[in-house]
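As a plain string of letters, each chain reads:
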Amino acid sequence: MRLVVATRNEHKLRELRALLPDHELEPLPHGVVEQVVDVTGIVLTKLDGTAKGGIVFHVQRELGVPVKLVGLGEGVDDLAPFEPAAFVDALLG
C-alpha cells in the first residue's frame, strides 16, 4: 500500500517506515495536495490541536482517499488509527 506522508522531517519518516514496513511512504511537499494522484491513504502528523483538525476534511475531500493514521503528539508512539466518529465527537465535544 502506498501512503503519502505530509512531513519532510527525515527522523519522522524513518520512524514511520519502521512502524509501517509493508507500506511505501512518500513525503508530501507543502502546497501540492491537489497534485497528488494514485494515493490510497494519508498519515497526518501533529494533529493534536483542534485548529489543525480541519485539514482532515480538506484532504479527504480533495483527494478522495481516507486518512489512515493521525499523529496526536511528537513521537511515533503517538500515531493512532484515524477514527472519523471519534474525531468529529472531539471537535464538537
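Further up the page is the structure itself.
Let me sum up the structure you'll find in this document.

How each quantity is defined
Residues numbered from 1 in each chain as written. Predicted model: local features only at pLDDT ≥ 70, side-chain atom pairs only at ≥ 80, totals over all residues. Heavy atoms only, no water. Core = buried A, V, L, I, M, F, W, Y, C linked by side-chain atoms within 4.5 Å. Buried < 20%, exposed > 50% of the residue type's maximum accessible area, 1.4 Å probe, protein only. Helix = DSSP H or I, 4+ residues; strand = E, 2+ residues; numbered from the N terminus. Contact = heavy atoms within 4.5 Å. Pairing = 2+ DSSP bridges. Axes fitted to C-alpha atoms, helices over the stretch in contact; angles between N-to-C directions.

1. Comments concerning the nonpolar core
Nonpolar side chains in soluble globular proteins tend to end up buried together. If you look at the biggest cluster of nonpolar residues, it comprises 13 residues, and the most contacted ones within it are Ile42, Val56, Val67 and Phe82. Among the elements of the structure, strand S3 (42–44), helix H2 (54–63) and strand S4 (67–71) are those that each provide at least two residues to this core. Per-element accounting of this core gives the leading share, 3 residues, to H2. Discounting chain neighbours no more than four positions away, the residues touching valine 67 are Ile42, Leu44, Val56, Gln60 and Phe82. One finds Val5, Leu20, Leu25 and Val43 within the second-largest nonpolar core, a separate group that totals 9 residues.

2. Comments concerning the sheet that holds strand S2 (residues 24–27)
Taken in spatial order, the 5 strands of this open sheet run S2-S1-S3-S4-S5, and their pairing is mixed. With one partner strand each, in any of the chains shown, S2 and strand S5 (79–81) form the two edges of the open sheet. Adjacent strand axes in the sheet meet at a mean angle of 25 degrees, parallel and antiparallel pairs treated alike. Note: strand S1 (residues 2–5) against S2, 4 bridges, orientation parallel. Within the sheet, the bridge partner assigned to arginine 2 lies in S2 and is glutamate 24. The strands that helix H1 (residues 10–19) touches are S1, S2, S3 and S5; relative to S2, the one it contacts most, it runs at about 160 degrees. Contacts from H2 reach S3 and S4, with the element oriented near 165 degrees to S3.

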